[in-house]
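Coordinate inspection notes
These are the residues of each chain, in order.
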Amino acid sequence: MEAAAAGSEESGAAEGPVETAAGREDGGCEGLWDLPVEHCVRRAECGRCRRPQKVCLCPFFPVHPLKVSTCLYIIQHPAEESRVLRTVPLLTACLPGDKCKVLIGRRFGEDRYPELAAVCRNSNTLILYPGAEAANLEEVALIFPSPSTIIIIDGTWSQAKDIFYKNSLFRLPKQVQLKTSISSQYVIRTQPTNTCLSTLECAAIALAIMEKNDGIQETILRPLQALCSFQLQHGAQIHHSKEHLLKNGLYDKPMPKNKRKLKRMELLVNNVKI
């Protein structure tokens, strides 16, 4: 009987109004639904450089594309395409379309890229990639015929290495490198060493050498300098190279467990070229 009585009381309670958590939430939101909705308005963008108008880089580009005889082929790793602060768009804005061609990908076979294959087989083509077998571009430029073509790989060092060694086409042109001690002006991105340069900086120096015109380097670097200045003014921090951080005890990330990567970091500290 006690059990039956208890059951009837529960049944009666269930039949009455019950305040649920959902009900309390609805009651707490009463009136909020009538508040006006603020629509997100995109910042006005420049139609040319695709940057917000307040930090438009167009005033820093040459009024007319630079007149050069050297043609650049930029081989861009797909990961670079999604980066916000890229340098290749700044480079292409400074040059005629037929003098700066960008190909995006990891693998470049002759069947799929017949034009690139023909360029790589041309005796007037150079590939800018450092290494023991690479010649000094300044020395090569003294005897190299004009007009010429230079292939530059755009990506991190590991991405560039992967593209260079896993595409046989890129070992056909004469391999050259820049012999320079200047530090990169691309200070809003961390470089492996103090002398590592961005793709735009490599292209600017290479074109100045091949065209025998230092003004080309200054003109192409101008939008990069403006980009870094704008970013630093809006809260970005100067990025020192990994080499600088390691030598000065400022590297605050965990050391790699991979022995090969650890060895590379040791070489950076000991001034061994890698």
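A quick note: this is a predicted structure, and the numbers were derived from the prediction, not measured.

1. Quick notes on the packing of aromatic side chains
- A full pass over the atoms with the stated rule returns six aromatic pairs.
- Seen in terms of ring centroids, Phe108 and Tyr113 are 4.9 Å apart; in terms of plane orientation they differ by 50 degrees. Their pairing is tilted. Of the two residues, Phe108 and Tyr113, both sit in the buried class.
- With a centroid separation of 5.0 Å and 85 degrees between ring planes, the pair formed by Phe164 and Tyr165 is classed as edge-to-face.
- A connected cluster of aromatic rings, assembled from ring pairs, spans Phe108, Tyr113 and Phe170.

2. Some words on the confidence of the model for the chain
- Model confidence for the chain is summarised by a mean pLDDT of 82, while 74% of its residues fall at 70 or above.
- Note that residues 1–15 has pLDDT below 50 and, in this model, zero contacts with residues that lie over four places away or in other chains.

3. Considering the nonpolar core
- Grouped together as the largest cluster of nonpolar side chains are 47 residues, with contacts concentrated most on Leu57, Leu72, Leu91, Leu95, Leu137, Leu178 and Ile220.
- Among the secondary structure elements, those contributing two or more residues to this core are strand S1 (71–76), helix H4 (88–94), strand S3 (125–128), helix H6 (137–143), strand S5 (149–154), helix H8 (199–211) and helix H9 (214–233).
- Counting 19 residues, the second largest nonpolar core, distinct from the first, contains Tyr113, Ala117, Tyr129 and Ile153.

4. Section: the pairing of S3
- Burial of S3 is two-sided: the residues Thr125 and Ile127 facing one way and the residues Leu126 and Leu128 facing the other way are all buried.
- In this structure, S3 lies alongside strand S6 (residues 174–177), joined through three bridges in parallel fashion. Across the sheet, Leu128 pairs through a bridge with Val176, a residue of S6.

5. Notes on the pattern of salt bridges
- A full pass over the atoms with the stated rule returns five salt bridges.
- Here Glu115 and Lys101 are joined by a salt bridge, their closest N and O atoms 3.3 Å apart. Of the two residues, Glu115 sits in helix H5 (residues 114–121) while Lys101 sits in strand S2 (residues 100–104), which places them 14 residues apart along the sequence.
- Between Arg121 and Glu110 there is a salt bridge whose closest N-O contact spans 2.9 Å. Taken together, the residues span a long stretch of sequence, with Arg121 in helix H5 and Glu110 in the loop between S2 and H5 at a distance of 11 residues.
- Given the relative accessible area of 40%, Glu110 is considered partly exposed.
- Three or more residues joined by partner-sharing salt bridges are found here, namely Arg107, Asp162 and Lys166.

6. Examining the sheet that holds S1
- Judged by pairing direction, the sheet is parallel, and its six strands sit side by side in the order S2-S1-S5-S3-S6-S4 without closing on themselves. Strands with a single pairing partner mark the edges of an open sheet, and in this sheet they are S2 and strand S4 (135–136).
- Contacts from H5 reach S1, S2, S3 and S5 within the one sheet, and its direction differs from that of S1 by about 120 degrees.
- Against the sheet, H8 touches S1, S3 and S5, its axis set at about 165 degrees to S5.

7. Overview of H8
- Taking 1.5 Å of rise per residue, 13 residues should cover 18 Å, and H8 covers 18 Å from first to last C-alpha, within 8% of that figure.
- In terms of burial, H8 is largely enclosed, as 12 of its 13 residues are buried.
- For H8, the full list of buried residues reads Thr199, Leu200, Glu201, Cys202, Ala203, Ala204, Ile205, Ala206, Leu207, Ala208, Ile209 and Met210.
- Note on H8: the residue one or two positions beyond its end, Lys212, has a positive phi of about 55 degrees.

8. A closer look at the side chain of Thr125
- If you trace the backbone, Thr125 turns up in strand S3.
- A distance of 2.6 Å separates a polar side-chain atom of Thr125 from the backbone oxygen of Val119.
- Dropping the residues within four chain positions of it, Thr125 is found in contact with Val119, Phe144, Thr149, Ile151, Pro173 and Lys174.

What counts, and at which threshold
Residues numbered from 1 in each chain as written. Predicted model: local features only at pLDDT ≥ 70, side-chain atom pairs only at ≥ 80, totals over all residues. Heavy atoms only, no water. Phe/Tyr/Trp six-rings, centres within 6.5 Å; stacked < 30°, edge-to-face > 60°. Buried < 20%, exposed > 50% of the residue type's maximum accessible area, 1.4 Å probe, protein only. pLDDT = per-residue confidence, 0-100. Contact = heavy atoms within 4.5 Å. Core = buried A, V, L, I, M, F, W, Y, C linked by side-chain atoms within 4.5 Å. Helix = DSSP H or I, 4+ residues; strand = E, 2+ residues; numbered from the N terminus. Pairing = 2+ DSSP bridges. Salt bridge = Lys/Arg side-chain N within 4 Å of Asp/Glu carboxyl O. Axes fitted to C-alpha atoms, helices over the stretch in contact; angles between N-to-C directions. Expected span 1.5 Å × (residues − 1). Polar contact = N/O pair within 3.5 Å; in protein donor to acceptor, adjacent residues only side chain to side chain.

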